[in-house]
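Results of the structural survey
Single-letter residue listing:
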Amino acid sequence: LEEVPDYTHKLPHNMADVEAQDLDLWGTEMVLIRSFGYPIKSYTVFESPDEEHQFDPMSVFMENLAKAKKGEFAGIQYNLAPTSPRWGDHYEHLVEEIREPKFSKNVGHQVPGGADLPPIFRAALVQRTPGVVDVLKAVEANLSKRAFKCTIRFIYISPKSIFYDSFARRSIKGSFNQYGASDLNYFDDNRIMSTKINPGTWPFFFRLQRLRARKQRVLQNYLHREHEIHTWMGKLLTSHILDFNFKSLQIILNTESMAGLFHPPSALVLTGPHTQRIESKKMGAPAGLPIYGDEKALDQFKY
């Protein structure tokens, strides 16, 4: 590992700097639409024994980020904090809901003689489909792994002369679509954090001032890698009169999902010329390495 300078030091420190440099800014957060008990597609879905069908989702991010022009900046940020090992207990009701037998109320309304059955007999047990079984397995596997509270942000800064927020809204935000599954979970942006305010959005006044305050919030959160403030009073004290600090949302992703979202690009990704690869190779363990010992030799590793 090699420590590198913090790249955020080169970014504007506040909206006054942004305006002084004739720049503009767009940013948002990504959140999960469904319950956190439902997983996203992980790296295991993209792996395949057949080399022709292997795919690294990092290639989509690399390709879209490479579209940035000279003077533009686009960055994606993952802020993680460990959550309780028993985080899955909060979603046991979801497992029971999926596992619970389903009934159809439109089966067997009549007997052969033509008479209607009483309402109590008008329900039939519907067999669990393979799709439901797969969802149940995916949810149970998701809840069985350790997880993190995660805040996903991305920001786009550009000179006003070439500012094109659709580059970020469509290209970069679209990169997260590959992790979505209609029967599991998928990403969307946290629109109340997005630095775009429609004219018809309540409270209908001071639109430009509210937009500037929202941009300042997004920029500050990105530069300082802020996590969500959990206390109500803390959120109130860090609020602005035109931008209350109650909008940022954290999601929960397990280790497998995070490994799919962010990892060093594999050999399948063409990183050049934007990112250089580091030479590495596998080697055996050094000679003379002790591999045998008694219980006393392990005492030094006990806490």
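The shown structure was predicted, so the numbers you read here are calculated from the model rather than taken from an experiment.

1. As for the overall build of the protein
Helix and strand counts for the protein come out as nine helices and seven strands. Once local pairs closer than 6 in sequence are excluded, the contacts in the protein between residues at least 24 apart make up 77%. Summed over all atoms, the accessible surface of the protein reaches about 20000 Å², with 58% contributed by carbon and sulfur.

2. With respect to the nonpolar core
In terms of nonpolar packing, the biggest core is built from 23 residues, with Ile152, Phe176, Phe187, Ile251, Leu253 and Leu261 touching the most fellow members. Breaking this core down by element, the ones donating at least two residues are strand E1 (23-32), helix H3 (58-65), strand E5 (147-159), helix H6 (165-175), strand E7 (251-254) and helix H9 (255-261). Leave out the neighbours within four places in its chain, and Ile152 touches Thr28, Glu29, Met30, Gln77, Tyr78, Phe176, Phe187, Ile251, Leu253 and Leu261. Grouped together as the second largest cluster of nonpolar side chains are 14 residues, Tyr38, Trp87, Ile98 and Ala147 included.

3. Observations concerning H3
Among the residues of H3, Met58, Phe61, Met62 and Asn64 are the ones counted as buried. Where H3 is buried, its residues meet strand E2 (73-82), H6 and H9.

4. Considerations on the pattern of salt bridges
This structure, assessed with the given rule, holds 11 salt bridges. For Arg225, the salt bridge identified is with Asp6, shortest N-O distance 3.0 Å. Taken as a pair, Arg225 in the loop between helix H7 (207-224) and helix H8 (232-237) and Asp6 in the segment before helix H1 (15-20) lie far apart in primary sequence, 219 residues in all. Asp189 is the partner of Lys173 in a salt bridge, and the nearest nitrogen-oxygen pair spans 3.4 Å. Here Lys173, found in helix H6, pairs with Asp189, found in strand E6 (residues 187-189); they are 16 residues apart in sequence, far enough to count as distant. Three or more residues are tied together by salt bridges with common partners; here these are Lys173, Asp188, Asp189 and Arg191.

5. Quick word on the side chain of Thr83
Tracing the chain through its elements places Thr83 in the loop between E2 and helix H4 (92-99). Once residues within four sequence positions are removed from consideration, Thr83 is found in contact with Arg146, Ala147, Phe148 and Lys149.

6. Details of the packing of H3 against H6
At a minimum axis separation of 8 Å, H3 and H6 run at an interaxial angle of 165°. Looking at the two axes, H3 sits roughly antiparallel to H6. In the packing of H3 onto H6, the handedness of the crossing is left-handed. Residues Val60, Phe61, Asn64 and Leu65 of H3 lie in contact with H6, whose contacting residues are Phe167, Ser171, Ile172 and Ser175. Residue composition of the contact of H3 with H6, grouped by class: five nonpolar, three polar and no charged.

7. Here's the deal with the pairing of E7
Alternating residues of E7 divide into Ile251 and Leu253 and Ile252 and Asn254, and every residue in both groups is buried. Both E5 and E7 contribute to a ladder of four bridges, which runs antiparallel. Paired with Lys149 across the two strands is Ile252, which belongs to E7.

8. Details of the pairing of E1
Here E1 lies mainly inside the structure; 10 of its 10 residues are buried. Judged by which residues are buried, E1 turns out to be covered on both faces: Leu23, Leu25, Gly27, Glu29 and Val31 on one side and Asp24, Trp26, Thr28, Met30 and Leu32 on the other are all buried. Of the strand pairs in this sheet, E1 and E5 are connected by eight bridges, and their pairing is antiparallel. Note on E5: the bridge partner recorded for Trp26 is Tyr156. Pairing of E1 with E6 involves three bridges; the strand directions are antiparallel. Its bridge partner lying in E6, Met30 is registered against Asp189.

9. A closer look at the environment of Lys215
When you line up the elements, Lys215 lands in helix H7. Each C-alpha atom of the pair Lys215 and Met15 lies 7.3 Å from the other, and the pair is 200 residues apart in sequence. Apart from the residues within four sequence positions on either side, Lys215 is in contact with Met15, Asp24, Leu25 and Thr195.

10. What about the packing of aromatic side chains?
Under the counting rule described, the total for this entry stands at 11 aromatic pairs. With 6.5 Å between their ring centres and 75° between their planes, Tyr7 and Tyr222 make a pair best called edge-to-face. One end of the pair, Tyr7, is in the segment before H1; the other, Tyr222, is in helix H7, and 215 residues separate them in sequence. Given a relative accessible area of 35%, Tyr7 falls into the partly exposed group. Grouping aromatic residues by their ring pairs yields a cluster made of Trp26, Phe61, Phe154, Phe176, Tyr179 and Phe187. The side chain of Arg34 reaches across the aromatic face of Tyr38, ending 3.9 Å from its centre.

Conventions and cut-offs
- Residues numbered from 1 in each chain as written.
- Predicted model: local features only at pLDDT ≥ 70, side-chain atom pairs only at ≥ 80, totals over all residues.
- Heavy atoms only, no water.
- Helix = DSSP H or I, 4+ residues; strand = E, 2+ residues; numbered from the N terminus.
- Contact = heavy atoms within 4.5 Å.
- Areas by Shrake-Rupley, 256 points an atom, 1.4 Å probe, with all protein chains shown as cover.
- Core = buried A, V, L, I, M, F, W, Y, C linked by side-chain atoms within 4.5 Å.
- Buried < 20%, exposed > 50% of the residue type's maximum accessible area, 1.4 Å probe, protein only.
- Salt bridge = Lys/Arg side-chain N within 4 Å of Asp/Glu carboxyl O.
- Axes fitted to C-alpha atoms, helices over the stretch in contact; angles between N-to-C directions.
- Parallel < 35°, antiparallel > 145°, perpendicular 65-115°, else oblique.
- Left-handed = near helix turned anticlockwise from the far one by under 90°.
- Nonpolar A, V, L, I, M, F, W, Y, C, P; charged D, E, K, R; others polar.
- Pairing = 2+ DSSP bridges.
- Phe/Tyr/Trp six-rings, centres within 6.5 Å; stacked < 30°, edge-to-face > 60°.
- Lys NZ or Arg CZ within 6 Å of the ring centre and 35° of its normal.

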